[in-house]
Amino acid sequence: MAEQKTLPPQPEGQQPGRETEMHPRPDYAPRFPGSGRLDDKVAIVTGGDSGIGRAVAVLFAREGANVAIMYLNEGEDARETERGLPSARIVLAGFSQGGAIALQTGLRQPEPLAGLLALSTYLPLAASLAQERSVANAATPVFMAHGASDPVVPIARGAASRDALQAMGYSVEWHEY
């Protein structure tokens, strides 16, 4: 049996794809009006903060889709993508702590969103939500799903968050897995 060779570690200082550091800046604006081919559809675009992912997210929204973008730590690039999307086409999504941020931000967002997707998470600062929530997102649909064996966020905390949202009048679709 041949001896297995191990390559030396090849660390990266940061994730690639920071378009905010590129000069000239990439041009991702569509050159044609949308035709509505994706009306009433939902698109989840991973890497939607930059590059091809951003171009796809903007084009899908132009065609009528509600768009959720997923990204790592490239928040400035993600905000640039959002500027190219109407807020009513954006679904904020997150898993665990990312889901907490999506709920925290989305329910207080002054512009209407297409929806919130929160996976294995909880509602942070629940006590202040009643005073801080935005009327613009009072009818925004919320999809929550939680794993029964989640070792980080107990399912009871997710269910309590669901109950708190429903008590405030939010439409929450809940799934356990």
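Residues numbered from 1 in each chain as written. Predicted model: local features only at pLDDT ≥ 70, side-chain atom pairs only at ≥ 80, totals over all residues. Heavy atoms only, no water.

## Structural notes on the nonpolar core
Thinking step 1. Grouped together as the largest cluster of nonpolar side chains are 28 residues, with contacts concentrated most on Val-67, Leu-103, Met-144 and Leu-165.
Thinking step 2. Counting only elements with at least two residues in this core, the list comes to β1 (42–46), α1 (51–62), β2 (66–70), α3 (97–106), β4 (115–119), β5 (142–146), α5 (155–167) and β6 (172–176).
Thinking step 3. In terms of residues, this core owes the most to one element, α1, which gives three residues.
Thinking step 4. Excluding anything up to four places from it in sequence, Met-144 contacts Leu-103, Ala-118, Gly-158, Ser-161, Arg-162, Leu-165, Val-172, Glu-173, Trp-174 and His-175. (Core = buried A, V, L, I, M, F, W, Y, C linked by side-chain atoms within 4.5 Å. Buried < 20%, exposed > 50% of the residue type's maximum accessible area, 1.4 Å probe, protein only. Helix = DSSP H or I, 4+ residues; strand = E, 2+ residues; numbered from the N terminus. Contact = heavy atoms within 4.5 Å.)

## Quick word on the sheet that holds β6
Thinking step 1. Taken in spatial order, the four strands line up as β3-β4-β5-β6 in an open sheet, and their pairing is parallel. This sheet does not close on itself; its edge strands, each paired only once, are β3 (91–95) and β6. Between one strand axis and the next, the sheet turns by 10° as a mean value, whatever way the strands run.
Thinking step 2. Alignment of β5 against β6, held across five bridges, turns out to be parallel. If you follow Ala-145 over to β6, its bridge partner there is His-175.
Thinking step 3. Relative to the sheet, α3 contacts β3, β4 and β5, its axis offset from that of β3 by approximately 150°.
Thinking step 4. Running at roughly 165° to β6, α5 makes contact with β5 and β6 of the sheet. (Pairing = 2+ DSSP bridges. Axes fitted to C-alpha atoms, helices over the stretch in contact; angles between N-to-C directions.)

## Comments concerning the packing of aromatic side chains
Thinking step 1. The tally for this structure, following the rule as stated, stands at zero aromatic pairs.
Thinking step 2. When the ring centre of Tyr-122 is taken as reference, the NZ or CZ atom of Arg-157 above it lies at 3.9 Å. (Phe/Tyr/Trp six-rings, centres within 6.5 Å; stacked < 30°, edge-to-face > 60°. Lys NZ or Arg CZ within 6 Å of the ring centre and 35° of its normal.)

## Section: the pattern of salt bridges
Thinking step 1. All chains considered together, the criterion is met by three salt bridges.
Thinking step 2. With a closest N to O distance of 2.7 Å, Arg-108 and Glu-132 form a salt bridge. Here Arg-108 is found in the loop between α3 and β4, whereas its partner Glu-132 is found in helix α4 (residues 126–132), with 24 residues between them in sequence.
Thinking step 3. A residue is classified by how much of its surface remains accessible, and Arg-108, at 16% relative accessible area, is buried.
Thinking step 4. Classification of Glu-132 as partly exposed rests on a relative accessible area of 41%. (Salt bridge = Lys/Arg side-chain N within 4 Å of Asp/Glu carboxyl O.)

## Some words on the pairing of β5
Thinking step 1. Most of β5 sits inside the fold, with four of its five residues counted as buried.
Thinking step 2. Of the pairings in the sheet, the one linking β4 to β5 comprises four bridges and is parallel in character. Within β5, the residue paired with Leu-119 across the bridge is Ala-145.
Thinking step 3. Taken together, β4, α4 and β5 form a β-α-β motif whose crossover is right-handed.
Thinking step 4. Remark: the β5/α5/β6 crossover connection has right-handed handedness. (Right-handed = clockwise from strand over helix to strand, strands pointing away.)

## Some words on the side chain of Asn-66
Thinking step 1. Tracing the backbone through its elements, the reader meets Asn-66 in strand β2.
Thinking step 2. Take Asn-66: its relative accessible area is 18%, and that puts it in the buried class.
Thinking step 3. Excluding anything up to four places from it in sequence, Asn-66 contacts Lys-41, Val-42, Ala-43, Ala-88, Arg-89, Val-91 and Ala-114.

## Considering the side chain of His-146
Thinking step 1. Relative to the helices and strands, His-146 is located in strand β5.
Thinking step 2. We classify His-146 as buried; its relative accessible area is 1%.
Thinking step 3. Of note is the side chain of His-146, whose polar atom sits 2.7 Å from the backbone oxygen of Val-153.
Thinking step 4. Beyond its immediate chain neighbours, meaning those up to four positions away, His-146 contacts Ser-120, Thr-121, Val-153, Pro-154, Ile-155, Gly-158, Trp-174, His-175, Glu-176 and Tyr-177. (Polar contact = N/O pair within 3.5 Å; in protein donor to acceptor, adjacent residues only side chain to side chain.)

## A closer look at the confidence of the model for the protein chain
Thinking step 1. Averaged over every residue, the pLDDT of the protein chain is 83; the share at 70 or more is 84%.
Thinking step 2. Put simply, helix α2 (residues 75–83) is where the protein chain has its lowest mean pLDDT, 67, and α5 is where it has its highest, 97. (pLDDT = per-residue confidence, 0-100.)

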